[in-house]
Every structure is written in structure tokens, then in C-alpha cells.
Amino acid sequence: MTTSAISTAGLTKHYPGVQALTDLSLEVPAGSVYGFLGPNGAGKSTTLKLLAGLASPTSGTASVAGVPLEAGAAYRREVGYLAQDPRFYDWMTGRETLRFVASTSVDPSARHEAWIGSVLETVGLDKAAADRRTKTYSGGMRQRLGIAQALVTKPTVLLLDEPVSALDPLGRREVLDLMASLKGEITIFYSTHILDDVQRVADNVAILDGGRLVRAAPTSELIASFSNDRLRVVVGGADDATGVELARLPRVASVEPAERDGDLRTYLLRIAPEDALAVQRDVTRFAVEHDLTLAENGLVRLALEDVFLSLIDTKERAA
């Protein structure tokens, strides 16, 4: 593998009256799980079809493992693709499906029964499941088979379009665990709108909106780059005056109205991030002096969803 498993420069796809994707420049590290995010209509599926070699760009370039998109068949050998709604011949078994897909590979070893069996084992389809007709498969099993057919031709990169969007929570967990287990062995580039899943398994993320790249970065760095300016304080024994007194503490800009849960009250203190430790000490001292039970006193942890919504104008998306 090269350092970048996927590289795009100015990748663009315009249709008459529709600018589906404009000037996408992206570097996807080899061996990573890369989350590709964006609201509906952002251009995610268009990008994946371009990268899979199923559509031609209006302009710009792309390469996988150093092989340019213009190489045609040589390029397509480097990618395995799973569409958003995978379809199979329902009269075939899972194993027969993989044999059929493997027969299209130029690599003879992809057609070996031992390899097909190892791919089935990798995706968690045991012999009983592999030898059943695909029409009997659950949603999670179909997605596992979809990933298997993308893997069986021995690609460098897996391109997965919304691989868990139609699954129940158990099916989602199964597919996400599978993706996590493949990390480091193959590069996975996948689109999704389920942000919690991305934060769980993706090393890197790119956010697309209106066909244009908004931000691309390692997941943890992207979240850390956003200022966390709220301190969550949960206390027992508070009264109506507690919030007012907390707002008078040094370096506290404001206090949001308390939420009540039995004897506990939760306050969100707006502070400057660099003052967090000092304010936490003041809150602890305040609780002791006012005979309060301090259940929580820490910065609110930002999630990827918070960052996503900060970057994407929700009113514009709704319009």
C-alpha cells in the first residue's frame, strides 16, 4: 500500500442543472476506517460511485493505491464496492454468490475454495449460513455477505455506501464490529448519516455538504478542535438560589436553568475552556461550603454530532 489508499484532486461530477460534487480533494490513509458524512443529497453516493469506477467524473482525478482512475480495469481491481441496497440472486447460497463474484477476478487465487471459505469466516458467516439460499438471510447477514463479495476479489480498498442504515441495532453492531476487525488489514471508506457509529469505529472523517468538502480530519482531532465551554455540575441538596450563586463564581459567564431529577439538580456553567480547572476547584469549594452533595463536576464532552451540526447549517439543510 501507498501512504494514501485513496487520493482525489479536484474530483467533480456535474449533471445538467445539478452540481452533485465539486472539487473534492481528499487523502485517505492506508489501513484506516474512514467515515464519509453529510446530510441527504450532499454527494456521498455520487463520490462512492466515482471511486468505484461506476461513473466518470466531469473533471478532476482519483487514485487507489497509486493506480489512477483512468487506468480502467486495473483501477477497478483495487476496489471492492457495496451499494446501499445490495441485491443478490436469491436462488444462490452465500458461498455460490462468492464463487460467482470471484470468477470475475483476474487473480486466480480469489477463486480458490480455501480463500472463499476464509472470507466467509472473516465476515462471520459459518458453514450453515454460507450454504443457505440468500433469500433466507436477515438484513445483517445480507450486509455481511455484501462485504464478503466486496472482499473476495482481494481489493486494496472497500467502498461501503450506508452499510448499516437499514439495519436494526443488533445488525448494526454486527456490521460495525466486522468493520472494526478489518481495520489495518484493508482500507474502509464508508458513507453514513449515523454519527455515533462513525465516532465508534472511524479513525478519520470527512464532512460533505452541497457537494463540497466542509472539513476532513482525524476524528479525535476534529472533535478536540471545537471549543468546549460548558461545565456540567450535578448537585444534591440545592435550592432555587443555588444557580444564582453559581453564576456569581469567578470566571463563570452564565448558568443555564437547572434540570431536576429527584434530589439532584444539573447546572451547565458557561466558561472559557482555559478556566476549566480553576472553575472546577471553585465549584468543589462552593459545594463544601453550602453542604451540597457534588455528584458531577466536569466539562461536557462534545460528540461528533455536536461538531457536525456546528459545521452544517441545519436551517439551510431543511430548506
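Structure: see above.
Q: In this structure, what is going on with the nonpolar core? I would like to understand it.
A: Across soluble globular proteins, nonpolar side chains have a tendency to be buried as a group. Grouped together as the largest cluster of nonpolar side chains are 49 residues, with contacts concentrated most on Ile147, Leu158 and Ile188. For this core, the element with the highest residue contribution is helix H6 (residues 139-151), accounting for six residues. In contact with Ile147, other than residues within four places in its own chain, are Leu82, Val123, Leu158, Leu160, Val175, Leu178 and Leu182. Core analysis: the second largest hydrophobic core is formed by 25 residues, Leu11, Leu24, Leu51 and Tyr75 among them.

Q: Would you take a moment to explain helix H12 (residues 304-311) for this structure?
A: A turn of α-helix holds 3.6 residues, and therefore any two residues three or four places apart point the same way. Within the span of H12, buried status applies to Leu304, Val307, Phe308 and Leu311. Here the buried residues of H12 occupy an arc of 100° about the axis, which is enough to place them on one side.

Q: How do you make sense of the sheet that holds strand E6 (residues 79-82) when you look at a structure like this?
A: In a beta sheet, neighbouring strands are held together by backbone hydrogen bonds and run either parallel or antiparallel to one another. Strand order across the open sheet formed by six strands is E6-E7-E8-E3-E9-E10, with mixed pairing between neighbours. Two strands lie at the open edges of the sheet, namely E6 and strand E10 (212-218), each paired on one side alone. If you compare each strand with its neighbour and ignore which way they point, the axes differ by 15° on average. For strand E9 (residues 204-209) and E10, the ladder comprises six bridges, and the chain directions are antiparallel. If you follow Ala206 over to E10, its bridge partner there is Ala216. Each of strand E3 (33-37), E9 and E10 is contacted by H12, which is oriented at about 30° to E9, the strand it contacts most.

Q: Mind showing me how you'd approach the pattern of salt bridges here?
A: Opposite charge on two side chains makes pairing possible when the charged atoms of those side chains draw close. Under the counting rule described, the total for this entry stands at 14 salt bridges. Taking the shortest distance from any N to any O, the salt bridge between Arg99 and Glu113 comes out at 2.9 Å. One end of the pair, Arg99, is in helix H3 (residues 94-102); the other, Glu113, is in helix H4 (residues 113-122), and 14 residues separate them in sequence. We classify Glu113 as partly exposed; its relative accessible area is 42%. Where Asp282 meets Arg285, a salt bridge forms, and the shortest distance between an N and an O atom there is 3.0 Å. Note that Asp282 and Arg285 are positioned in helix H11 (residues 276-289) at a spacing of three residues, about one turn of the helix. Taking the relative accessible area as the measure of exposure, Arg285 reaches 44% and is therefore partly exposed. Each member of the salt-bridge network shares a partner with another, and the members are Arg95, Lys127 and Asp131.

Q: Looking at this structure, I do not really get the sheet that holds strand E1 (residues 4-15). What am I missing?
A: Read from one edge to the other, the open sheet built from four strands follows the order E2-E1-E4-E5, with strand pairing classed as antiparallel. A single partner strand is all that each edge strand has here, and the edge strands are strand E2 (18-29) and strand E5 (67-68). Two strands pair when backbone bridges link them, and strand E4 (residues 59-64) and E5 are joined in this way by two bridges, in the antiparallel orientation. Bridge pairing links Ser63 to Pro68 in E5. Contacts between helix H1 (residues 44-51) and the sheet are confined to E1, E2 and E4, with E1 contributing the most and set at about 115° to the helix.

Q: Honestly, H11 in this entry has me stumped. Any pointers?
A: Between its terminal C-alpha atoms H11 stretches 20 Å, which fits the 20 Å expected from 14 residues at 1.5 Å a residue. The set of residues buried in H11 consists of Ala276, Ala278, Val279, Gln280, Asp282, Val283, Phe286 and Ala287. Turning to H11, the residues buried within the fold contact strand E11 (230-236), helix H10 (242-247), strand E12 (252-255), strand E14 (264-271) and strand E15 (293-299). Directly beyond the C-terminal end of H11, a positive phi value near 55° is found at Asp291.

Q: Please explain a nonpolar patch on the surface as it appears in this structure.
A: Together, Tyr89, Trp91 and Phe100 make up an exposed nonpolar region whose accessible area comes to about 370 Å². Residue position: Trp91 is located in the loop between E6 and H3.

Calculation rules
- Residues numbered from 1 in each chain as written.
- Predicted model: local features only at pLDDT ≥ 70, side-chain atom pairs only at ≥ 80, totals over all residues.
- Heavy atoms only, no water.
- Core = buried A, V, L, I, M, F, W, Y, C linked by side-chain atoms within 4.5 Å.
- Buried < 20%, exposed > 50% of the residue type's maximum accessible area, 1.4 Å probe, protein only.
- Helix = DSSP H or I, 4+ residues; strand = E, 2+ residues; numbered from the N terminus.
- Contact = heavy atoms within 4.5 Å.
- Arc of directions from axis to C-beta.
- Pairing = 2+ DSSP bridges.
- Axes fitted to C-alpha atoms, helices over the stretch in contact; angles between N-to-C directions.
- Salt bridge = Lys/Arg side-chain N within 4 Å of Asp/Glu carboxyl O.
- Expected span 1.5 Å × (residues − 1).
- Patch = residues over 30% accessible without salt bridge, like charges linked within 9 Å, V, L, I, M, F, W, Y side chains within 5 Å.
- Areas by Shrake-Rupley, 256 points an atom, 1.4 Å probe, with all protein chains shown as cover.

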